[in-house]
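# An overview of the molecular structure
The chain contents come next:
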Amino acid sequence: MGILHALQCFLFLLSITAFVNGDTPANCTYEDLRGEWVFKVGAGGNDRTLKCDSFAMATTLKVKLYFPDYAVDQFGNKGFWTLIYNQGFEVVIAGRKYFAFSMFKKDGKNITSMCDQTFPGWSHDTFDRDWSCFSGMKMSSVAPKTYQLPDNKRLYSDILYKTDHSFIKKINQHQKSWQAVHYPEYEKMTVEDMIKRAGGRKSRIIGRPKPAKPTREQTLKAQSLPDSFDWRNVGGMNYVSPIRNQLACGSCYAFGSLAMNEARVRIMTNGTKTPVFSTQDIVECSEYSQGCDGGFPYLIGGKYAEDFGLVAESCNPYTGKDGQCKTQTSCPRQYATKYEYIGGFYGACNEELMMINLVNNGPMVIAFEVYNDFMQYKSGIYKHTGLTNSFNPFEITNHAVLLVGYGVDSGSGEKYWIVKNSWGTEWGEGGFFRIMRGVDECAMESIAVQSFPIFCNEELMMKNLVENGPIAVSFMVYDDFMHYKGGIYQHTTLTNGFNPFEITNHVVLVVGYGYDSDIGHKYWLVKNSWGTKWGEDGFFRIMRGVDECSIESIAVQSFPIL
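Residues numbered from 1 in each chain as written. Predicted model: local features only at pLDDT ≥ 70, side-chain atom pairs only at ≥ 80, totals over all residues. Heavy atoms only, no water.

### Considering the overall build of the protein chain
Each helix and strand in the protein chain was counted, giving eleven helices and 25 strands. For the protein chain, whose C-alpha radius of gyration is 25 Å, the value lies close to the compact-globule estimate of 24 Å for 562 residues. On the principal axes, the C-alpha backbone points of the protein chain span a range of 80 × 65 × 55 Å. Of all 562 residues assigned to the protein chain, the portion counted as buried reaches 55%. Here the analysis covers contacts within the protein chain between residues at least 6 apart in sequence; of these, 71% occur between residues at least 24 apart. As displayed, the protein chain has an accessible area near 25000 Å², and 54% of this comes from carbon and sulfur atoms. (Helix = DSSP H or I, 4+ residues; strand = E, 2+ residues; numbered from the N terminus. Rg over C-alpha atoms; globule rule 2.2 N^0.38 Å. Buried < 20%, exposed > 50% of the residue type's maximum accessible area, 1.4 Å probe, protein only. Contact = heavy atoms within 4.5 Å. Areas by Shrake-Rupley, 256 points an atom, 1.4 Å probe, with all protein chains shown as cover.)

This is the structure we're talking about:
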């Protein structure tokens, strides 16, 4: 029996060594995925740096997935799941998350989706501490699906984009709702650059969902909202971060996702914090996307922001090119949580829910289909004309942008969305555009994502500590802290000449706070996990109210179920 078990583990290890990251050409639906699965899970006890290129199975878990978002495991635990676009799924059950991309094989231009199995993915507890690898196999087989993927990348990389002035003229003659213009900077790009700028060919979603029919409650809530709303001017405040330019990189998913978090931090802090996050960190460092070849907001604005956090632009300035991860490890990270598709799961979105969540929670990242006439947009309310550019070949792509408002045109009565793009301030209406609302124009109302930044400060920590109990916090550890014995710690900036040291992020438990009247310093009282001989019997005090070592930036609480 022991030999047989070892052989099974070895064969399993061989079968999962092929790994894919980012946005895959898989095409799997709810119908393909729902049913009973076996998750083969590797050893736990790892952190978020875990690589799952290959792993040995340590245990299994059976999970049944019900349409559209209900999951039950073999022990009767009930949880949640969602399709992630058409490329994979995430399950949250019994205090753990499981995320993986669906399996596919590529043979030349032919892509075969094998939706009854996954590539190796990641599992971790809901606190992002205990990581392991896993892969999934459905207990009932699903017939493979094959389609052809256009393979024009090399050809299009050699063709410079040419302005078709007759195309622009036809657009303006065809309709009066919006104006098309010539953008000279396009002529410095190749056709492939332009496709990447619009989202990249790997971002294309096959069989994207239609908007869900609104419930009566959703309709009534939407009707109670203002006729127009714009986060660029709420009570005289602009909560939207500056327009940026993704250049010839298919990183719109990163710009849109980070712009959502930037805006929501501004809203949560009433404009006192105005971060601009590093999109280059996403392009270079995220295994949930494929750099300049594309990605999806659910996995970046939501999952990556929760699992790994976002860093400031200065930690890895944008270059618009793929490369090795160069993000400074000492940079603090802004985390987010409660990421979700609008409506709660993939396919539940509609105009009413977008309006409700936009007004109540802040800007959200959306994905829509880009046609070649959109590239020439300058002003007005965009609607696809159906016209084509005779000079430049183009592939329909999936472009991620930030929804910041909505309104109604006083002249025509047309409803519209107000959207932030990432093509610079010279494009469109100062970097923004308006697009028809209420008709799912270019699939604008079918896929929207939101997440909620985890924002912390001294006052909130004190309030929740007193009312709810001790809270877990993370802070940056320097080498002088390793030698702390007593008193109120504050980093000295001194370094150890004997031992190299890398600044790390350490999780501890805040159990109290106080004030030392002799020296006039406020402090936190914190429980460490280095034994009773370290510090003040295993505890330490650290400066309070100054975000010492970032201890007031990330705090987490939970509530046991008794």
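### Some thoughts on the state of the cysteines
A complete count under the given rule lists five disulfides for this structure. With a sulfur-sulfur separation of 2.1 Å, Cys28 is cross-linked through a disulfide to Cys115. Disulfide Cys28-Cys115: the torsion about the S-S bond is -90 degrees, which places it as left-handed. One end of the pair, Cys28, is in the loop between helix H1 (2-15) and helix H2 (30-33); the other, Cys115, is in strand E7 (residues 110-118), and 87 residues separate them in sequence. For the pair Cys28 and Cys115, a shared accessibility class is recorded, and that class is buried. A disulfide bridge connects Cys285 with Cys325, and the sulfur atoms are separated by 2.0 Å. (Disulfide = S-S within 2.5 Å.)

### Thoughts on the packing of helix H7 (residues 252-268) against helix H9 (residues 297-307)
Contact geometry for H7 and H9: axes closest at 8 Å, N-to-C directions at 35 degrees. Both H7 and H9 take part in a crossing whose hand is right-handed. Side by side, H7 and H9 meet where Tyr253, Ala254, Ser257, Leu258, Met260 and Asn261 of the first sit next to Pro297, Ile300 and Gly301 of the second. A breakdown of the residues in the contact of H7 with H9 according to their chemical character gives six nonpolar, three polar and no charged. (Axes fitted to C-alpha atoms, helices over the stretch in contact; angles between N-to-C directions. Left-handed = near helix turned anticlockwise from the far one by under 90°. Nonpolar A, V, L, I, M, F, W, Y, C, P; charged D, E, K, R; others polar.)

### Concerning helix H11 (residues 458-468)
Turning to H11, its buried residues are Glu458, Met461, Asn464 and Leu465. Along the axis of H11, the buried positions cluster into a sector of 140 degrees, meaning they face one direction only. Exposed residues pointing more than 90 degrees away from the buried face of H11 are listed as Glu459, Val466 and Glu467. Summarising the contacts, the buried residues of H11 are in contact with strand E20 (471-477), strand E22 (504-516), strand E23 (521-527) and strand E25 (555-556). Looking one or two residues past H11, Gly469 carries a phi angle of roughly 115 degrees, positive in sign. (Arc of directions from axis to C-beta.)

### Comments concerning the side chain of Asn421
Secondary-structure assignment places Asn421 in the loop between strand E17 (415-420) and strand E18 (432-436). Among the residues examined, Asn421 registers a relative accessible area of 2% and is labelled buried. A distance of 2.8 Å separates the side chain of Asn421 from the side chain of His399, its partner in a polar contact. The residues contacting Asn421, other than those within four sequence positions of it, are Ile243, Arg244, Phe374, His399, Val401, Trp427, Gly431, Phe432 and Phe433. (Polar contact = N/O pair within 3.5 Å; in protein donor to acceptor, adjacent residues only side chain to side chain.)

### So, the domain arrangement of the protein chain
Often, the extent of an interface is quoted as the loss of accessible area on bringing the components together. Under the domain assignment, the protein chain is made up of domain 1 (30-148), domain 2 (165-453) and domain 3 (458-556). Its C-alpha centre places domain 1 at a distance of 38 Å from the equivalent point of domain 3. (Domains from an automatic or database assignment.)

### Topic: the packing of helix H6 (residues 216-223) against helix H10 (residues 351-361)
Remark: H6 packs on H10, axes separated minimally by 9 Å, with the N-to-C direction vectors making an angle of 50 degrees. In terms of their interaxial angle, H6 and H10 are classed as oblique. Crossing handedness for the pair H6 and H10: left-handed. Here Gln218, Thr219, Lys221 and Ala222 of H6 come into contact with H10, specifically with Glu352, Leu353, Met355 and Ile356. By residue class, the composition of the contact of H6 with H10 is four nonpolar, two polar and two charged. (Parallel < 35°, antiparallel > 145°, perpendicular 65-115°, else oblique.)

### Some points on the environment of Thr495
Following the sequence through the fold, Thr495 ends up in the loop between strand E21 (488-489) and E22. Residues Thr495 and Tyr478, spaced 17 residues apart in sequence, show a C-alpha to C-alpha distance of 8.4 Å.

### Regarding the pairing of strand E5 (residues 88-93)
Of all six residues in E5, five are buried, a share of seventy percent or more. Direction of pairing for E5 relative to strand E6 (residues 96-107): antiparallel, over a ladder of six bridges. Paired with Ile93 across the strands is Arg96, a residue of E6. (Pairing = 2+ DSSP bridges.)

### So, the packing of aromatic side chains
A full pass over the atoms with the stated rule returns 54 aromatic pairs. When the ring of Phe99 is compared with that of Tyr288, the centres are 5.4 Å apart and the planes differ by 80 degrees; the resulting orientation is edge-to-face. Residue Phe99 is found in strand E6, and its partner Tyr288 is found in the loop between helix H8 (279-285) and H9; the two are separated by 189 residues along the sequence. Grouping residues by exposure puts Phe99 and Tyr288 together as buried. One aromatic cluster is present, built from ring pairs that chain together Trp178, Phe368, Phe374, Tyr377, Tyr382, Trp423, Trp427 and Phe433. Lys338 extends its terminal NZ or CZ atom over the ring of Phe452, reaching a point 4.8 Å from the ring centre. (Phe/Tyr/Trp six-rings, centres within 6.5 Å; stacked < 30°, edge-to-face > 60°. Lys NZ or Arg CZ within 6 Å of the ring centre and 35° of its normal.)

### A look at the nonpolar core
Burial of nonpolar side chains together is a common tendency in soluble globular proteins. Counting residues in each nonpolar core, the largest one holds 116 residues, and the members touching the most others are Phe39, Val91 and Phe433. Each of domain 1 (30-148) and domain 2 (165-453) accounts for three or more of the residues forming this core. The residues contacting Phe39, other than those within four sequence positions of it, are Thr59, Thr60, Leu61, Val63, Phe89, Val91, Tyr98, Phe134, Ser135 and Gly136. (Core = buried A, V, L, I, M, F, W, Y, C linked by side-chain atoms within 4.5 Å.)

### Overview of empty space enclosed by the protein
All told, the structure shown has two cavities of 30 Å³ or more when counted by the stated rule. Of the volumes computed, that of the largest cavity is approximately 100 Å³. Considering the residues around the largest cavity, the lining is formed by 13 residues, among which Phe255, Gly256, Ala259, Lys420 and Ser422 are closest to the centre. Looking at the lining of the largest cavity, the elements that each hand over two or more residues are H7 and strand E16 (397-408). Classifying every residue of the lining of the largest cavity by side-chain character gives six nonpolar, four polar and three charged. Tyr253, Gly295, Asn398, His399 and Ala400 are the residues nearest the centre of the second largest cavity, which is lined by ten residues in total. Sorting the residues of the lining of the second largest cavity by element identifies H7 and E16 as the ones contributing at least two each. If one sorts the elements of the lining of the second largest cavity by residue count, E16 sits on top with three residues. (1 Å grid on protein atoms, 1.4 Å probe; cavity = no way out; pocket = protein on both sides within 12 Å on 5 of 7 lines; lining within 4 Å. Points joined across faces, edges and corners; volume = space filled by probe spheres on them.)

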